[in-house]
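# Architecture at a glance
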Amino acid sequence: MAAVTPLLLLLLLSSAPSFSSGSRNAYNINGRVKIPQGLGLGTKGYALPGRMSNVKVLLNGGQNITFLRPDGYFSFHNIPAGTHLIEVSAIGYFFSPVRVDVSARTPGKVQAALTENRKGLSELVLEPLREEQYYEIREPFSIMSLLKSPMGLMVGFMLAVAFLMPKLVENMDLEEMRRAQEEMRSQGVPSLSSLLPGGAMN
Amino acid sequence: MAIMSFIFVFFFFSSLQPILSLYEDQVGLMDWHQQYIGKVKQAVFHTHKTGRKRVVASTEQNIIATLDLRSGEIFWRHVLGPNDVVDGIDIALGKYVITLSSGGSILRAWNLPDGQMVWESSLHGPKHSKSLLLTTNLIIEKDNSLIVFSNGRLNAVSCIDGEVLWKKDFEEESLEVQQVIQPPGSDFIYVVGFAASSQFETYKINAKNGELLKHESTAFSDRFSGEVSLVSSETVAALDSTGSILLTISFHNGKISSQQIPVSNLLEDSPGLAVIIHSSVTGIFAIKTDAATIFIRVIGEGKLEVVEKTNHETVVSDALTISEGQQAFALVQHAGSNIHLTVKPAHDWDSNLLKESIKMDQQRGFVHKVFINNYIRTDRSHGFRALIVMEDHSLLLLQQGAIVWSREDGLASIIDVTTSELPVEKAGVSVAKVELNLFEWLKGHVLKLKGTLMLATPEDIAAIQYMRLKSSEKSKMTRDHNGFRKLLIALTRAGKLFALHTGDGRIVWSHLLQSLHKSESCRQPIGLNLHQWQVPHHHALDENPSVLVVGRCGPSSDALGVLSLVDSYTGKEFSSLRLVHSVAQVIPLPYTDSTEQRLHLLIDADKHAHLYPKTPEAIDIFQSEFANVYWYSVDDDNGIIKGYALKTKCSGNVADEFCFDSRELWSIVLPSESEKIITTATRKLNEAVHTQAKLIADQDVMYKYISSNLLFVATVAPKASGEIGSVTPEESWLVVYLIDTVTGRVLHRMTHHGSQGPVQAVLSENWVVYHYFNLRAHRYEMSVIEIYDQSRADNKDVWKLVVGNHNLTSPVSSYSRAEVITKSQSYFFTHSLKAIAVTLTVKGITSKQLLIGTIGDQVLALDKRFLDPRRSVNPTQAEREEGIIPLTDSLPIIPQSYITHSLRVEGLQSIITVAAKLESTTLVFAHGLDLFFTHYAPSRTYDSLTEDFSYALLLITIVALVAAIFVTWILSQRKELQDRWR
C-alpha cells in the first residue's frame, strides 16, 4: 500500500445544545466536516475522486441520511435520546464510525467516541483515519522494470551466457582448456556450433 | 529449457503481486457502471438562462437529480434516506433547487450547478398534515421567500439561508388544509381547507408578517371528498363525498360563495363515482370516472361546461405560463403505436398551440406523466418540449415531433436477476460487425508496446484506451470460451423484463410483460422472481433458452399468481398464464424433461404443491421422485419454521393431477416473547464444491459437512428488532441456528448476547458468515461458523482404508444422522452492510472471497481466509504455511480491494455472482439504483493471460533471441576461423 499521506482533512463534530419544539424526547445532532482546499488534491498526481457535495452522513446504518452544507456543517433532526452510530461516506477517505450518546437527562448533552480505536472525543473532533487509494499506481517506466520482466530476464540470461561464459573460459588455464576440449570431443558432447546448420562443416 | 525457464519466471513473477487490484487505466475494461434515477414524480425545468439547460426531477426512489436537457445525462444526484420522501421540489432565485421532504419537516436548498447543499431547515408543527411548497417572488425583509405549509403550520422561509421568517399555526383539530394560494401580484396568501369535512374555511394571511387578515367559514350540507382543484386564484372546484355533486367555491376577497351542480347534469350517461384529478390549469379542471376522464371548464359565475371526454390513457400536464397572462398545458393521448402530444392554451380549448404525433415503442406502455416547457423559436413563436414518464418508468424528452433522448429508469428498481447463455457461434455467420484483420491486430499490439515502453504520444495513448474499451470481442452476441459473455435478465418493478449484455451493459431487448399488466382481473400485479425455465444443452440445442417470470395479482400472499415464459434470445413472451391458485414459494426441482424444461413446484398459500410444466412427461418424471421432495417454510411473524413433504394428489373438487397435498413433517416454534426471525440464508443451488476434505496442518484431514439442505436462521429479541440504540445491551440478544431442512434437526445454535440486527448472512460450502451489531462494543461484528462432519473423521486411519472399512463413498444424506462439530469466530468490522455475497466459480476450486456491499454503496472483496475460525494470535509454523493469518480483532479494509474502485452503486440492494467458464473468474453484478458489473478473479487469473499481456513484446523478444543466436553463431565462426589461421 502506498504510504499514508499526512491527513489533512479535519472533521469537527460539534454538538450544539439542541432542543426540539415538537416532542419532548427528540434532539438534534449537529456536526461539521472541514476539508481544507487544495490539500490532499494533486499531491499524488490524480484528482480527488470524491467531492464535498458527494459526502453523505448516515445515522444508524442509513436510517437517516444527511448532507453537508458548504461550510461542512450537518445536522440530524428529531433524534430520540439513546446511543447512536454516525458513519461518514466519502469516496477517497476512510472515516471511523462515531458512537454518539444523546442524553435524555441532561437535554442537549451529546457525547461521542470513535468506535475504531475507542478514542473518546472530548471536544468532538474527529479525523478520518486515512485516505483511500482505490487504484494501484503504475510504476513509471524504468530500465529495471523492463529487465525484471520475463522477457528481459531471458534476454539478460542469454547475454550473460554469450558474453560472460567466454570470459570464464578465457581465465582458465590453457592446458586445462585443451584437456577439457579434448574430453568434450571424445565424449561427443554437441557444441553450440555443431547444433546449428552448417556448424558441422568444420 | 528456455521455455521452461520462461514459464517458471513468468509464474514466479505473477505470484509476487498479492493484491488483486486495478490500475486506473484499466477502469472500464471489464466493468461497466450505469446510473439511474428511478420513476420521476415531479420535474421542474431550468431553461431561462443562457448556458446549459437542465431539468430537476424528484423520483419515487427519493432521489433528487438534475439532468442535462440536451442528452438526458445526470449532472448531479442525491439519494435521500428511505424515510425522507420528497413532497415537493422547485427552483428558487434561479440558482437553488428547493426540496421539501420527510412529510414536510425538512426543507433543503441545493446549488443548481453542482448539487452542493446550501442550507437545510427543520420545520416542525403541531400536527401531521399535508405538505405544500410554494415559491413566491415575495420579498420579506429584503429576502426572497418561500411559503411552506407542513405539519399544520404555515412558514415563510428565506431563500438565502433557510431561516424561518414568520410562522403561523393552524391548530384547529379537524382542519385539513388543501391549498395555499398566492394570487399573482398580491401580498397576501389564501389558506383553503375543510374543517370537520363539511365546512369550508379560508384564511387570508398577510404574506409579509403572517398576520391573519380575514377568516371565513361556510358550512355545507354535504361532506367533501379528498382533493380540491384550483380553478383560478380565488376559485376552487371540489366534489362531495358521494362523488356525484360538483361544487365550485369562490372566495373572492374572503367572501365565500358556491354553486352546486350534479355531475349527471353535465354528462348524459350516469358516470358513477367521480374523483378530481389534480391539475393547475386556470379555468379548467378534470374529473375521472370509471369510464372516462372529463375536462370541465368554468365559465363565469359557477357555470360549467364539459369541453372534452377522453378515455383513461390521457395524461394532462400542469399549466405553464408562456407569456403575460397566458397559460398553456399539454395533453398526451394514445392511438395505436403512436402518441399524440397536444399543447393548448388555457383560455381556448379548441385551438392548439402544438399538435404532434410520435411513434412510441409498444414496450414502454402508457404515458403516466407529462411535464412541459417552452422555448422561443427563432421566428419568435413558442416551441414546446415535453418530458414524459412511461409505464415502464422510462423518461423521454419529446421535441419537434421526435424523441430527443430516453432513459431506461425502470432499471433503478430491479426485483430479480438471472442469467442466460448467448447463442453458439455458427460457422459462416459473422456476428461481429467489424472483424479485425491481422494488420490491424498487429498495429494494435505495436501501439500497446509503445505504451508499455512509454514511447507513445498522447494521441497514441488515447487510441490505445479507445481500442481497449471498444473491443468488439467483448460485446459480441455469441458465447465465448471463457463464459464472460452472457445475458443478464432483470425483472423490474414496473413489470418489464430487460436483457443486458455483460460485455458493455447495453440493452439487448426489453419486454413489458403482459401477465404483469394491469387489468380487470388483476388490479395490482407485482413481479416476484425469475427462474431459468429451459437451459438447452446437449440434445435440445436448437431451442432457445427461456426464463420463467412469477408474479401475483396483489401484495398479499394469497393473491392469485401469474406466470410468463419469455424467450431469452428474443424477449418474446411465448406463454402467459393466470393461475387459479396463489404463489407463496417457487421451488425449481433438479429434474428436467426431454426438452430440457426444468420442473418447478409452486407452493400456494394453502400449502398445496402445483407442478409445472403441466405435461404428462413432467408428471412421469415427478412421480418417480415423489418421495424425495421436501421443502420448508419460514413464518417470520409467528416465528415458526416448518418442513413439508408431499402426500397425495389434491383431494379438491376439481380433478387436477398436477396438484398435490402436502404433509407437515416437522416444525420449530420459536418463543415469540424472546425471539423474532429477522434473516434466513441458504446455499445457492448451483454452487459447486470441489472437495469435501480439507487438509489442515500436520497432515490431518477434516471433512466439511456439505449439505444443500442447510438453513441459517437469525433471531433477535423482539425489543431489539428496531433501530440501533433503541435498547440496552442487557435486553438484546441475537441467536443463530443452523437447521437441516429435511429433518428439522438443529445442527447448531449459538447466542450472541448484547447484539442486535440487522443481520446480513451468506451461506456457502460448509460455512456461514453473518454481520450484526454488537451493542456492548458499539461496533459491527462479523462471525463465521464452519461445520464439519465428524463421522468421517476416522477415515484417516490408513488401515481402515486398506481393509475397505471406511465410509468415504457413502452418500451424504439427510436421513443419516451425521455427527457434526462447529467452529466459530467473531471479528469487528467497520461499516454497516447493505448486502453480502460470495464469489462463485464453475468448479469451486478457486478460493472464495466475500463480496461486501458497504453502507457507502461500494463493494468490498474480503478474502475468506480472514474469516477462518482456526485463526489464532500465534499460528504455528505449520499453520502459517497452510495460509492461516494471525488473529486480529478487526477485519482489514484494503482500499485496493474495493471492486467498485472509485464508483458508487447508489442504493445498493443486492450482489449477484455468476460463474464464468474460466475457473478463476466470477462475474459480479451489483444492482440498486445503479448497475455495476465486473469480472473478478479471487486468486488472480491463473488460468489465462492478463489483458495487458503484450504479445508484441513476446514476439520482439523471440525475434531478438533468434537474431542474437545468428549473430553469436557468425561471431563464433569468425573466431574459430581466426584461431585456425593462427
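Quantities reported herein were computed from a predicted structural model and do not represent experimental measurements. (Residues numbered from 1 in each chain as written. Chains lettered and ligands numbered in written order. Predicted model: local features only at pLDDT ≥ 70, side-chain atom pairs only at ≥ 80, totals over all residues. Heavy atoms only, no water.)

One widely used convention gives an interface's size as the accessible area the parts lose upon coming together. Residues and elements named next belong to chain B. Looking at the assigned domains, one finds that chain B contains domain 1 (170-311), domain 2 (317-409), domain 3 (432-475) and domain 4 (950-981). For domain 1 and domain 2, the distance between their C-alpha centres works out to 27 Å. Each partner contributes to the interface: domain 1 provides 10 residues, whereas domain 2 provides 11 residues. Summed over both sides, the interface between domain 1 and domain 2 buries roughly 910 Å², with carbon and sulfur atoms accounting for 53% of that surface. The interface formed by domain 1 and domain 2 includes zero salt bridges. Going through the elements one at a time, strand S25 (293-299) and strand S26 (303-310) are the ones with two or more residues in the side of domain 1 that touches domain 2. Its residues assigned to classes, the side of domain 1 that touches domain 2 comprises four nonpolar, four polar and two charged. (Domains from an automatic or database assignment. Contact = heavy atoms within 4.5 Å. Buried area = accessible area lost by both parts, 1.4 Å probe. Salt bridge = Lys/Arg side-chain N within 4 Å of Asp/Glu carboxyl O. Helix = DSSP H or I, 4+ residues; strand = E, 2+ residues; numbered from the N terminus. Nonpolar A, V, L, I, M, F, W, Y, C, P; charged D, E, K, R; others polar.)

As a further point, take the confidence of the model for chain A. A residue-level look at chain A finds 62% of positions with pLDDT of 70 or above and a mean pLDDT of 68. Here residues 38-50 of chain A scores under 50 on pLDDT; set against residues more than four positions off or in separate chains, the count is 17 contacts. (pLDDT = per-residue confidence, 0-100.)

Each strand in a sheet pairs with another by means of backbone hydrogen bonds, the pair being arranged parallel or else antiparallel. Residues and elements named next belong to chain B. Strand order in the open sheet formed by four strands is S50-S53-S54-S55, and the pairing between neighbours is antiparallel. Because the sheet does not close on itself, it has two edges, and the strands there are strand S50 (676-682) and strand S55 (746-753). Ignoring which end each strand starts from, the neighbouring axes of this sheet average 15° apart. Here six bridges tie S50 to strand S53 (residues 710-716), and the two strands are oriented antiparallel to one another. When the sheet's bridge partners are listed, Ala681 is paired in S53 with Phe712. (Pairing = 2+ DSSP bridges. Axes fitted to C-alpha atoms, helices over the stretch in contact; angles between N-to-C directions.)

So, on to the nonpolar core. Counting residues in hydrophobic clusters, the biggest one holds 38 residues, and the most contacted among them are Ile37, Val40, Leu387, Leu395, Phe925 and Leu931 of chain B. Excluding residues that lie within four positions of it along the chain, Leu395 of chain B makes contacts with Ile37, Val40, Leu67, Leu387, Ile388, Val389, Trp405, Ser406, Arg407 and Asp409 of chain B. Residues Tyr134 of chain A together with Trp767, Tyr827 and Ile852 of chain B belong to the second largest nonpolar core, which totals 24 residues. (Core = buried A, V, L, I, M, F, W, Y, C linked by side-chain atoms within 4.5 Å. Buried < 20%, exposed > 50% of the residue type's maximum accessible area, 1.4 Å probe, protein only.)

Our next topic: the interface of chain B and chain A. Residue-level contacts link 73 residues of chain B with 63 residues of chain A. At the surface where chain B touches chain A, the tally comes to three salt bridges. Here chain B and chain A share 12 residue pairs in polar contact (both at pLDDT 80 or more) between them. Mapped onto the side of chain B that touches chain A, the elements with two or more residues apiece are helix H1 (2-14), strand S1 (22-23), strand S6 (74-79), strand S9 (106-111), strand S10 (117-122), strand S58 (779-789) and helix H8 (951-981) of chain B. In terms of residue count, the dominant contributor to the side of chain B that touches chain A is H8 of chain B (12 residues). Taken together, the residues of the side of chain B that touches chain A break down into 32 nonpolar, 24 polar and 17 charged. In this sheet, S1 of chain B lies alongside strand S13 (residues 135-136) of chain A in parallel orientation, the contact comprising two bridges. If you follow Tyr135 of chain A over to S1 of chain B, its bridge partner there is Leu22 of chain B. (Polar contact = N/O pair within 3.5 Å; in protein donor to acceptor, adjacent residues only side chain to side chain.)

Residue and element names in this part refer to chain B. If you trace the backbone, Ser764 turns up in strand S56 (residues 755-764). The buried category is assigned to Ser764, whose relative accessible area is 0%. There is a polar contact of 2.4 Å between the side chain of Ser764 and the side chain of Glu687. Leave out the neighbours within four places in its chain, and Ser764 touches Arg683, Glu687, Val838 and Lys848.

Right, let's get into the confidence of the model for chain B. Residues and elements named next belong to chain B. On average, residues of chain B score 82 in pLDDT, and 90% of them reach the 70 mark or higher. Predicted confidence is poor over residues 1-19, with pLDDT under 50, and the contacts of this stretch with residues over four places away or in other chains come to 18 contacts. Per the prediction output, this complex has pTM 0.85; the corresponding ipTM is 0.80.

This part is about the pattern of salt bridges. Evaluation of the coordinates by the stated rule reveals 28 salt bridges over all chains. For the salt bridge of Glu687 of chain B with Lys848 of chain B, the shortest nitrogen-to-oxygen distance reads 3.6 Å. In this pair, Glu687 of chain B is assigned in the loop between S50 and strand S51 (693-696) and Lys848 of chain B in the loop between strand S60 (833-838) and strand S61 (849-854), connecting sequence segments 161 residues apart. As far as burial versus exposure is concerned, Glu687 of chain B and Lys848 of chain B are alike and both buried. One salt-bridge network, in which partners are shared between bridges, spans Lys56 of chain A together with Lys834, Asp857 and Glu906 of chain B.

Turning our attention to empty space enclosed by the protein. All names here are of chain A. Overall, the coordinates contain six cavities of 30 Å³ or more when judged by the stated rule. When residues of the lining of the largest cavity are traced back to their parent elements, those giving at least two are strand S6 (82-89) and strand S7 (93-94). Classifying every residue of the lining of the largest cavity by side-chain character gives nine nonpolar, five polar and two charged. (1 Å grid on protein atoms, 1.4 Å probe; cavity = no way out; pocket = protein on both sides within 12 Å on 5 of 7 lines; lining within 4 Å. Points joined across faces, edges and corners; volume = space filled by probe spheres on them.)

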